[in-house]
Amino acid sequence: MSVRTDAALPSVNTVYDVNRIREDFPILKQIVHGKPLVYLDNAATTQKPLQVLKELEKYYYTMNANIHRGVHALSQEATEAYEGSRIKIKKFINALGKNEIIFTRGTTESINLVAQSYGRKNFSEGDEVIITHMEHHSNIVPWQMICEERKAKLRVIPIDENGELVFEEFEKMLNKKTKFVSVVYASNSLGTVNPVKKIIDLAHSFNVPVLIDAAQAVNHLKIDVQELDCDFLAFSGHKLYGPTGIGILYGKVNHLDSMPPYQGGGDMISKVTFEKTLYNELPYKFEAGTPNIAGAIGLGAAIDYVEKIGIENIARHENNLLEYATEKISELKGLRIIGTSKNKISVLSFVLENVHPHDVGTFLDFEGVAIRTGHHCTQPIMDRYGIPATSRASFGMYNTFDEIDVLVNGLKKILEVFG
Amino acid sequence: MQQELRELYQQVILDHNKAPRNFRKIENPTNYAEGYNPLCGDNVTVYLLIDENNIIQDISFQGSGCAISKASASLMTSILKGKTVEEAEKLFNKFHDLVTDKLGDNFSVDEFGKLAVFAGVREFPARVKCASLAWHTMLNALHNKNEKVVTE
Ligand SMILES: Cc1ncc(COP(=O)(O)O)c(C=O)c1O
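As the structure is a prediction and not an experimental result, all values here were calculated from the model. (Residues numbered from 1 in each chain as written. Chains lettered and ligands numbered in written order. Predicted model: local features only at pLDDT ≥ 70, side-chain atom pairs only at ≥ 80, totals over all residues. Heavy atoms only, no water.)

> I'd love a proper account of the overall build of chain B, names of residues and values included.
A count of helical and extended segments in chain B gives 6 helices and 4 strands. Counting helices and strands in the order they occur from the N terminus, chain B gives α-α-β-β-β-α-α-α-α-β. Against the 2.2 N^0.38 benchmark of 15 Å for 152 residues, chain B shows a C-alpha radius of gyration of 14 Å, consistent with a compact globule. With the C-alpha coordinates of chain B rotated into their principal frame, the extents come out at 45 × 30 × 25 Å. Expressed as a percentage of the 152 residues in chain B, the buried residues total 50%. Contacts spanning at least 24 positions in sequence make up 59% of the contacts within chain B whose residues lie at least 6 apart. (Helix = DSSP H or I, 4+ residues; strand = E, 2+ residues; numbered from the N terminus. Rg over C-alpha atoms; globule rule 2.2 N^0.38 Å. Buried < 20%, exposed > 50% of the residue type's maximum accessible area, 1.4 Å probe, protein only. Contact = heavy atoms within 4.5 Å.)

Below, the structure written as structure tokens:
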């Protein structure tokens, strides 16, 4: 796993001081079952730095008020902070305008919004929607629901043994009936980074819009929505070192403008009478009700933190961790890595011959090591490989090579017990 | 290995995991049912051959799962062979009380026999489903409900 090719990394000479970074994450100092916590479940959710926690505390201690509706000082301050976050996010993914940034509860809600609003308006009988075999359930089920309702057909791009898309199948699948393509940027259970730019360009040649599920990509790859030219992009704050319950939907203005609202309520209107309601302008049309104000502000702080360290630096560190872990783990007898694409985020899924992932998870927990075991909300992938589940270690900006040694030693002990 | 972990993964459990008993299909079962734990992907099918006197003449299982669930299914089938349906139902309740810690430490190892090895599961709430999946599935099979048991 050498340095990736899709994100040209500028040569940054600063030393990556992981111990300094760890100081910002107090939770990492915990002792679990008498052992120092080794947190390797970052693909599920990342830990939050003090900088984010302090911002949340500051909001509730000094600023709490509802936004967009008060003339009083607190309300104005809260509105400013909330809207300030929107601008940070706009810059972070290089959107054209802040009206393209919609706050949601997370990736799941972002995708549901597009399926329910764009899909209901634009799909009809016989139309086709394309996803891939490596989608998270949150990029499968919303499309199944709307396809069933609109009598459209869901089509699935297959993956090969390495966990890479079979691109030719996608080329064959696109046709006049294709109305939408929704693909994951980086797979949470295989680690595969998909050639999203190529997918977007090809879909656009058929005039088909594309949604990118960037839940696992935002914390590792520099994202530029204008360069990608994606129509929609979704991600969650909690996988970007920010709070839970906050996420983003980016959408191109022309799509968002033509889409009906997703939910009705306060904030999303400009005028309400019992005869008719005029909807508010973007992005508020899609933000009905009091949002997760603290979450949005916390996400802004998380982005500041990530940018201070530098996403390229984080990516380089995580790539090195993945390379080291892949090498070490491959030496174990009877271990098989699931997801062997050349281009991966720092996700390492594996199965052990004769040891079920659930047992692996329990044993490692007693070594202080937190990994995820199960199907990772990607059951079709498990079926593809004919396995019930995998064990998954996923690395974040604060993980160390020593921690990988703890993981590998833990696995060795398991092999002794079950061997 | 730490104490709690050793109690969960007792040698008996490791042995049954490695070499599960009655791990096969019964070709013409009088009863069978499937069980599934969506959380970890464990699945098990329990087959029974019950005679006219309500005695379990044969019982077996197939499927995939963790050491706890496999050993539980294996031990369950060993113990239930030759028992009556009524006795099987009683054992189900007893086992359930054991792993969900309803009994606390007030259970006698004699009474439970080999099943006592599952007492360690009490310390692992996340693993109770693993230990009880086969039992729930067996109970469904007894009642000839062939719909899938789902434990979550
Ligand atoms: C690739 C991918 N998509 C979508 C999601 C759903 O994110 P959330 O649960 O934050 O809505 C996840 C989270 O596990 C994910 O990994």
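> Summarise the side chain of A:H358; cite the residues concerned and give the values.
On the secondary structure map, A:H358 appears in helix α12 (residues 357–365). For A:H358, a relative accessible area of 13% puts it in the buried group. Leave out the neighbours within four places in its chain, and A:H358 touches A:T373, B:Y9, B:C40, B:C66, B:A126, B:R127 and B:C130.

> Which residues make up the sheet that holds strand β5 (residues 128–132) of chain A, and what values do they have?
Backbone-to-backbone hydrogen bonds pair the strands of a sheet. The strands run either parallel or antiparallel. Residue and element names in this part refer to chain A. Pairing is mixed in the open sheet, where 7 strands are placed in the order β4-β10-β9-β8-β7-β5-β6. What marks the edges here is a single partner per strand, and that holds for β4 (101–104) and β6 (153–157). Neighbour-to-neighbour, the strand axes of the sheet open up by a mean angle of 20 degrees, direction not taken into account. As paired strands, β5 and strand β7 (residues 178–184) are joined by 3 bridges and run parallel to one another. Paired with I130 across the strands is V181, a residue of β7. Strands β4, β7, β8 (210–213), β9 (232–236) and β10 (247–251) of the sheet are contacted by helix α4 (residues 107–122), whose axis makes an angle of about 155 degrees with β9. Contacting β7 and β8, helix α7 (residues 196–204) runs over the sheet at an angle of about 175 degrees to β7. (Pairing = 2+ DSSP bridges. Axes fitted to C-alpha atoms, helices over the stretch in contact; angles between N-to-C directions.)

> Would you mind going over the site of the ligand in detail, with residue names and values included?
Residues and elements named next belong to chain A. In the vicinity of the ligand, 13 residues are found, and the nearest of them are T108, D213, Q216, S236 and K239. Between H136 and the ligand, the recorded distance is 3.1 Å, taken from a side-chain N or O atom to an oxygen atom. In this structure, D213 approaches the ligand through a side-chain N or O atom, which is 2.5 Å from a nitrogen atom. Protein burial of the ligand: of its 400 Å² of free accessible surface, 85% is covered by the chains. The residue inventory of the shell around the ligand, partitioned by class, reads 2 nonpolar, 9 polar and 2 charged. (Near = heavy atom within 4 Å. Polar contact = N/O pair within 3.5 Å; in protein donor to acceptor, adjacent residues only side chain to side chain. Areas by Shrake-Rupley, 256 points an atom, 1.4 Å probe, with all protein chains shown as cover. Nonpolar A, V, L, I, M, F, W, Y, C, P; charged D, E, K, R; others polar.)

> Got a sec to walk through the confidence of the model for chain A? Specific residues and values, please.
For residues with low pLDDT, the predicted coordinates do not support detailed interpretation. When pLDDT is averaged across chain A, the result is 95; 97% of the residues are at 70 or more. Low pLDDT, under 50, characterises residues 1–13 of chain A; the predicted model gives this stretch 23 contacts beyond four residues in sequence or across chains. (pLDDT = per-residue confidence, 0-100.)

> Could you give me a rundown of the pattern of salt bridges, with the residues and numbers involved?
Inspection of the entire model under this criterion finds 26 salt bridges over all chains. Measuring nitrogen to oxygen at the nearest pair gives 2.9 Å for the salt bridge that ties B:R24 to B:D58. Of this pair, B:R24 sits in the loop between α2 (11–18) and β1 (31–37) while B:D58 sits in strand β3 (residues 56–64), and the two are 34 residues apart along the sequence. Here B:D58 falls in the buried class, since its relative accessible area comes to 16%. In the salt-bridge network here, residues are joined through shared partners; they are A:K35, A:E367 and A:K413. (Salt bridge = Lys/Arg side-chain N within 4 Å of Asp/Glu carboxyl O.)

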